[in-house]
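# Survey of secondary and tertiary structure
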Amino acid sequence: MLFSICIPSYNRGHRAVQLVRELLKMPHGEHEIEIICSNNGSDKNTEGYQELKAIEDRRFCYHEFKSNQGFARNINQVIKMSRGEFCMLLSDEDAVILENLKNYILFLDMHPELSLIKGCTSFVYSGLQTQYHSYTEEAVDSYYLMGNYISGTIYNRSIISNELIEDYEKRYQQNEAYIYYVHLFLDTYALLHGNFCSSDLLLIEEGEPADHFDSGPKSPDPTVPVFGTYESRIAQLHGFLEQVRDLDVKPALVFQMLGRVIERIVEWINIQRGKYVCHGDDWEKIMKLVAEQMHSEVLLTGHMLGQEETALLKEYIEALCQCG
């Protein structure tokens, strides 16, 4: 079985080259493993990318865009380049526990029916439990919108195909949730089209996080990334629910997914609460606006739900936003 390690990178050539060189120490041959790095048009720390270009190893493939194409397109590019039966996303600041990776690959070789696998990481997913779900409702409950961190996410390439990726690129190119969280859209599709597994076996040692994020004109201070403002989160709410409406799923599952989207958006908005309050913003007014937008989104989805489910979601929105 060929296993692909996919590394999207931007402005961190020094980290990417160190990671790739470490991965190339693995004894696996070119028919067992491949490593792919896609440089998203970096204009900083470019020396490392020049070193990557010079690597001569049949297991390694390098790609670069001439200019920044955005997070989503770079993720899509590195996956589309992969030839393995399974591919794993890996952020360029992280490291792989190579001994444990062997166990993951052996497990995947025995379970080709898996569509999505999430490996344990040293911090964000340090408490991950070993679970195997062959039922859609259970898989969605365990993992839908829970995998923000890309490292250790493994896709079955027969399910996350190039055709699917290209369809989503066209369909959701203006979708703000897709732009910042393309991997969550792919996770969702995988959860609904195959079996899911997570493992408590440590796979990823997390490194230092991104050097910086771009803050937007509506950010309360420079430490709030453009995608972390409440305005962006509201747009992301619409974006995630756009995908839910496009999916052919039963009303019970729609209800479950809507509840999770609402829960996660409120959680993400509240991360920046203190910064908005310090900035002098009226947090109660912000949460009232969030609740109104959520109610509108539930109404848009009403045709997929019963009256009782719609009423329950509205109550849930009010409870979450009041707690905010």
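Quick note: structure is the one above.
Treat the numbers as computed from the prediction; the structure is a model and nothing was measured.

## Remarks on the overall build of the chain
What the chain contains, in helices and strands, is 13 helices and nine strands. A globule of 324 residues ought to have a C-alpha radius of gyration of about 20 Å, and the chain, at 20 Å, matches this closely. The dimensions of the chain, computed from C-alpha atoms along their principal axes, are 60 × 45 × 35 Å. When the 324 residues of the chain are sorted by exposure, 53% land in the buried category. In the chain, 81% of the contacts between residues at least 6 apart in sequence involve partners at least 24 apart. Surface exposure of the chain reaches about 15000 Å², of which carbon and sulfur atoms provide 51%.

## What about helix H9 (residues 230-246)?
If you check H9, its first and last C-alpha atoms are 25 Å apart, about what 17 residues at 1.5 Å a residue would give, namely 24 Å. Turning to H9, its buried residues are Tyr-230, Ser-232, Arg-233, Ile-234, Gln-236, Leu-237, Gly-239, Phe-240, Leu-241, Gln-243 and Val-244. Those residues of H9 that are buried lie in contact with helix H6 (162-171), helix H7 (176-180), helix H8 (182-192), helix H10 (251-270), helix H11 (273-278) and helix H12 (283-300).

## Considering the nonpolar core
Membership of the largest hydrophobic core comes to 66 residues, with the highest contact counts inside it found for Ile-79, Phe-240 and Met-294. No other element matches H10, which puts ten residues into this core. Formed by 33 residues, the second largest nonpolar core is a distinct cluster that contains Ala-16, Cys-37, Ile-117 and Cys-120.

## Here we look at the environment of Trp-283
Secondary-structure assignment places Trp-283 in helix H12. Since its relative accessible area comes to 7%, Trp-283 is described here as buried. Considered as a pair, Trp-283 and Arg-273 are ten residues apart in the sequence and their alpha carbons are 7.2 Å apart.

## Comments concerning the packing of aromatic side chains
Inspection of the entire model under this criterion finds 14 aromatic pairs. Taken together, Tyr-168, Tyr-172, Tyr-178, Tyr-180, Tyr-181, Phe-185, Tyr-189, Phe-227, Phe-240 and Trp-268 form an aromatic cluster joined through their ring pairs.

## Here we look at the packing of helix H3 (residues 71-80) against H8
Direction vectors running N to C along H3 and H8 enclose 50 degrees, while the axes themselves pass 9 Å from each other. Relative to H8, the element H3 is oriented oblique. Here Phe-71, Ala-72, Ile-75, Asn-76 and Ile-79 of H3 lie close against H8, whose contacting residues are Val-182, His-183 and Leu-186. Residues belonging to the contact of H3 with H8 are distributed by class as follows: six nonpolar, two polar and no charged.

## Thoughts on the packing of H8 against H9
For the pair H8 and H9, the least separation of the axes is 11 Å and the interaxial angle reads 25 degrees. Judged by the inter-axis angle, H8 sits roughly parallel to H9. By crossing handedness, the relation of H8 to H9 is classed as right-handed. Residues Leu-184, Phe-185, Thr-188 and Tyr-189 of H8 form the contact with H9, whose own contacting residues are Gly-239, Phe-240 and Gln-243. Here the residues of the contact of H8 with H9 sort into four nonpolar, three polar and no charged.

## Focus: the side chain of Asp-187
One can find Asp-187 in helix H8. No salt bridge is formed by the buried Asp-187. Its closest oppositely charged neighbour is Lys-118, at 6.7 Å. Asp-187 has contacts with Leu-116, Tyr-143, Gly-147, Thr-153 and Tyr-155, leaving out every residue within four places of it along the chain.

About the thresholds
- Residues numbered from 1 in each chain as written.
- Predicted model: local features only at pLDDT ≥ 70, side-chain atom pairs only at ≥ 80, totals over all residues.
- Heavy atoms only, no water.
- Helix = DSSP H or I, 4+ residues; strand = E, 2+ residues; numbered from the N terminus.
- Rg over C-alpha atoms; globule rule 2.2 N^0.38 Å.
- Buried < 20%, exposed > 50% of the residue type's maximum accessible area, 1.4 Å probe, protein only.
- Contact = heavy atoms within 4.5 Å.
- Areas by Shrake-Rupley, 256 points an atom, 1.4 Å probe, with all protein chains shown as cover.
- Expected span 1.5 Å × (residues − 1).
- Core = buried A, V, L, I, M, F, W, Y, C linked by side-chain atoms within 4.5 Å.
- Phe/Tyr/Trp six-rings, centres within 6.5 Å; stacked < 30°, edge-to-face > 60°.
- Axes fitted to C-alpha atoms, helices over the stretch in contact; angles between N-to-C directions.
- Parallel < 35°, antiparallel > 145°, perpendicular 65-115°, else oblique.
- Nonpolar A, V, L, I, M, F, W, Y, C, P; charged D, E, K, R; others polar.
- Left-handed = near helix turned anticlockwise from the far one by under 90°.
- Lys, Arg positive; Asp, Glu negative; His and termini not counted.
- Salt bridge = Lys/Arg side-chain N within 4 Å of Asp/Glu carboxyl O.

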